[in-house]
Amino acid sequence: MEKKETPYVLDGKAKESAAVLQTANAKVINIQLRKGEAIPEHNADAEVVIVVRKGRVQFTSDGKTVEATAENILHLAPMENHRLLAAEDSDLLVFQINV
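Just so it is clear, the structure is predicted and the values come from calculations on it, not from any experiment.

1. Notes on the sheet that holds strand 6 (residues 64-68)
Strand order in the open sheet formed by four strands is 3-8-5-6, with antiparallel pairing between adjacent strands. Each edge of the sheet is formed by a strand with only one pairing partner; in this case those strands are strand 3 (38-42) and strand 6. Shown here is a sheet whose adjacent strand axes are inclined to one another by a mean of 20 degrees, direction ignored. With five bridges connecting them, strand 5 (residues 57-61) and strand 6 associate as antiparallel partners.

2. Concerning the pairing of strand 4 (residues 47-54)
Sheet topology note: the strand 4/strand 9 (residues 90-97) ladder contains seven bridges and is antiparallel. Among the inter-strand pairings, V52 is bridged to a residue of strand 9, identified as L92. As paired strands, strand 4 and strand 7 (residues 73-76) are joined by four bridges and run antiparallel to one another. Within the sheet, the bridge partner assigned to V51 lies in strand 7 and is I73.

3. Here's the deal with the pairing of strand 9
Sheet topology places strand 2 (residues 26-33) next to strand 9; eight bridges connect them, and they run antiparallel. Within strand 9, the position partnered with I31 by the bridge is L92.

4. Here we look at the pattern of salt bridges
On inspection of all chains with the given rule, the structure shows six salt bridges. With a closest N to O distance of 3.8 Å, R34 and D89 form a salt bridge. Residue R34 is located in the loop between strand 2 and strand 3, and its partner D89 is located in the loop between strand 8 (82-86) and strand 9; the two are separated by 55 residues in the primary sequence. R34 gets classed as partly exposed once you look at its relative accessible area, which sits at 27%. The partner of D91 in a salt bridge is R53, and the shortest N-O contact between them spans 3.0 Å. Linking D91 in strand 9 with R53 in strand 4, this pair joins segments that are 38 residues apart in sequence.

What counts as what
Residues numbered from 1 in each chain as written. Predicted model: local features only at pLDDT ≥ 70, side-chain atom pairs only at ≥ 80, totals over all residues. Heavy atoms only, no water. Pairing = 2+ DSSP bridges. Helix = DSSP H or I, 4+ residues; strand = E, 2+ residues; numbered from the N terminus. Axes fitted to C-alpha atoms, helices over the stretch in contact; angles between N-to-C directions. Salt bridge = Lys/Arg side-chain N within 4 Å of Asp/Glu carboxyl O. Buried < 20%, exposed > 50% of the residue type's maximum accessible area, 1.4 Å probe, protein only.

Here it is, written out as structure tokens:
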């Protein structure tokens, strides 16, 4: 068993992104964004599952925008182009899973 910390760090600075864990077939990334901060369009060569721990984040892919919150999860297919915008201060975990 291995415990990884993901402290909230936005009190002292703006956008933060850090790899939390990497295994042979998965990677976990913690992203923290202040309201209004964005990540430009990109993709990953893995299945992606996003869990918002705090806040609201708008994800746009193929012209469609959905809002991810602590009340739902978001799944993206490999190589699916997407961008995101924090609708409020947000803390999310991104799971990239290689199948």
